[in-house]
Amino acid sequence: PQRSAVTALFACAYATALIPEALPLLMSEKAAVEEMLAYAEAHARKAIAGSESEVAEETSWSWLYALVFERCWSPGLPHGDAILELSSEALRGSKENSLNHALALTAATTLLAALAPKVESDSDRANLFFVLWKVELRKPSSVVDARFSVSNTESLGDWKRNRLEEYEDLHRVPREGLGRLCEWRDAIALFLLAALAQLATSTPEATLAKHEAFPEFSEAILDELEAMQPPTVAYWTVVARRVAYPALFGPSSTKDEEWQKSALRRLCNGLQGSISEGTGDGSQYMCKGVMVELA
């Protein structure tokens, strides 16, 4: 039964991204949409706040429940607000290194990232922006995977993944579609960074600037931009251009001219290096959209 349910959910959500008339047609079936959202909420709750076995089972499907909310939910419909509250509370809560807690935070991050850009209030979107920015996705030392690296903290272990494999996967997306990319280990980062980019674009700069974390954020974002790799760096450049650049280099900046020159020189060198690696004889595959954002 679960296999049939998730297949139907994926088919409906995926169709709305591929076929222009699919979303209006689906949304006209109000009862079906509410049933999909109810299923997604029930299982998302298990992924975030369920028993140990439920969290382990449902976290691997969190990208699918997030995709359903991202494509089918809007303010006024049921179920989304409940997951918004539950996931944001989980991310603001205690920090543990247990396997169960790490998986629950992974699910909460993915689901909040799917829902946050849909929130109507500017101040609420600004708060959720900084909740997501401060997320620390940790891998317990009990998890061993030779394909991916998300942490090098000694107490948490190292999770390595071959970079060439990652670019190979992304290169196949235009041919095989979203399903090729939506393996849960990859979808988390894409949902997270895409949400930050959308929130940075849709939330007024003045509203973000009022947040207590904004001064710390503005400088940190440039450091993080240097450390990121394609394709995630493209989402981060949207955030940097929309939020950090005006704060650090605009008329209202409190930084002196020498600091601005030094930071701008370092930033341009980093972006130039990323572009060079994806062109000519460079060894990295870079999607056209990533290249446009970096340029």
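Residues numbered from 1 in each chain as written. Predicted model: local features only at pLDDT ≥ 70, side-chain atom pairs only at ≥ 80, totals over all residues. Heavy atoms only, no water.

1. Notes on helix H6 (residues 80–92)
An α-helical turn contains 3.6 residues, so a residue and the one three or four places further along point in the same direction. Under the convention used in this document: Helix and strand assignments come from DSSP, with helices taken as H or I runs of at least 4 residues and strands as E runs of at least 2, each series counted from the N terminus. Take the number of residues in a helix, subtract one, and multiply by 1.5 Å to get its expected span. Burial classification: accessible surface area is computed with a 1.4 Å probe over protein chains only, and a residue below 20% of its type maximum counts as buried, one above 50% as exposed, and the rest as partly exposed. Two residues form a contact once any of their heavy atoms are found within 4.5 Å.
In this model, H6 (13 residues) spans 18 Å end to end at C-alpha, consistent with the 18 Å of a helix rising 1.5 Å per residue. Of the residues making up H6, those classed as buried are Gly80, Ile83, Leu84, Leu86, Ser87, Ser88 and Leu91. Next to the buried residues of H6 lie helix H3 (30–49), helix H5 (62–72), helix H7 (99–115) and helix H8 (122–133).

2. Structural notes on the packing of aromatic side chains
The condition is simple: Here is the rule: rings of Phe, Tyr and Trp (six-membered ring for Trp) pair when centre to centre is within 6.5 Å. Planes less than 30 degrees apart are stacked, more than 60 are edge-to-face, and the remainder are tilted.
For the structure on display, the rule yields nine aromatic pairs. Consider the rings of Phe129 and Phe217, whose centres lie 5.3 Å apart with planes at 80°: the pair is edge-to-face. Pair noted here: Phe129 is in helix H8 and Phe217 is in helix H14 (residues 214–227), with a separation of 88 residues, a long-range link. On the accessibility criterion, Phe129 (0% relative accessible area) is buried. The exposure class of Phe217 is buried, given its relative accessible area of 0%. Centre to centre, the rings of Phe214 and Phe217 are 6.3 Å apart; their planes meet at 40°, and the pair counts as tilted. Of this pair, Phe214 and Phe217 both sit in helix H14, three residues apart, which is roughly one turn of that helix. On the basis of relative accessibility, which here comes to 8%, the residue Phe214 falls in the buried class. Put simply, the rings of Phe129, Phe130, Trp133, Phe214 and Phe217 touch in pairs and so form one group of aromatic residues.

3. Some words on the side chain of Ser88
Under the convention used in this document: In the analysis that follows, any N or O atom pair within 3.5 Å is treated as a polar contact, provided that within protein one partner can donate a hydrogen and the other can accept it, and provided that, for residues neighboring in sequence, both atoms belong to side chains.
Topologically, Ser88 is positioned in helix H6. Take Ser88: its relative accessible area is 7%, and that puts it in the buried class. Within the local environment of Ser88, its side chain forms a polar contact with the backbone oxygen of Leu84, the two atoms lying 2.9 Å apart. Discounting chain neighbours no more than four positions away, the residues touching Ser88 are Leu112 and Leu128.

4. Here we look at the packing of H6 against H8
As a reminder, the rule being used: Each axis is a line fitted through C-alpha atoms, and for a helix only the stretch in contact is used; angles between axes span 0 to 180 degrees, taken between their N-to-C directions. An angle below 35 degrees is treated as roughly parallel, one above 145 as roughly antiparallel, one from 65 to 115 as roughly perpendicular, and anything else as oblique. By convention the crossing between two helices is left-handed if the near helix lies anticlockwise of the far one by an angle smaller than a right angle, and right-handed if it lies clockwise. Residues are grouped as follows: Ala, Val, Leu, Ile, Met, Phe, Trp, Tyr, Cys and Pro are nonpolar; Asp, Glu, Lys and Arg are charged; every other residue, Gly included, is polar.
Interhelical geometry of H6 versus H8 gives an angle of 45° and a closest axis separation of 10 Å. Here H6 lies oblique to H8, going by the angle between them. Handedness of the crossing formed by H6 with H8: left-handed. Contacts between H6 and H8 involve Leu84, Ser88, Leu91 and Arg92 from the former and Asn127, Leu128, Val131 and Leu132 from the latter. When the residues that make up the contact of H6 with H8 are grouped by side-chain class, the tally is five nonpolar, two polar and one charged.

5. Quick look at the nonpolar core
Our working rule: Side-chain atoms within 4.5 Å are what join buried Ala, Val, Leu, Ile, Met, Phe, Trp, Tyr and Cys residues into a set we call a nonpolar core.
If you look at the biggest cluster of nonpolar residues, it comprises 71 residues, and the most contacted ones within it are Phe129, Leu132, Leu196, Phe217 and Val239. In this view, Leu132 contacts Leu91, Thr109, Leu112, Ala113, Ala116, Leu192, Ala195, Leu196 and Leu199; residues no more than four positions away in its chain are not counted.

6. Some points on the environment of Ala107
Position of Ala107 among the secondary structure elements: in helix H7. In this structure Ala107 touches Ala47, Ile48, Thr59 and Ser62, once residues within four positions along its chain are discounted.

7. Focus: unusual backbone geometry
Even without glycine at this site, His79 takes up a positive phi of about 85°. You can see His79 is positioned in the loop between H5 and H6. Classification of His79 as partly exposed rests on a relative accessible area of 23%.

8. A closer look at the pattern of salt bridges
To keep things clear, this is the line we draw: Should a side-chain nitrogen of Lys or Arg be within 4 Å of a carboxyl oxygen of Asp or Glu, the pair is scored as a salt bridge.
Counted by the stated rule, this structure contains four salt bridges. Note that Glu70 is salt-bridged to Arg71, the shortest N-O span being 4.0 Å. What makes Glu70 partly exposed here is its relative accessible area of 26%.

9. Quick notes on the packing of H3 against H7
Relative to each other, H3 and H7 sit at 135°, their axes nearing to 7 Å. With respect to each other, H3 and H7 are oriented oblique. Counted together, Ala44, Ala47 and Ile48 of H3 and Ala104, Ala107, Ala108 and Leu111 of H7 form the full contact between these two elements. For the contact of H3 with H7, the per-class residue count stands at seven nonpolar, no polar and no charged.

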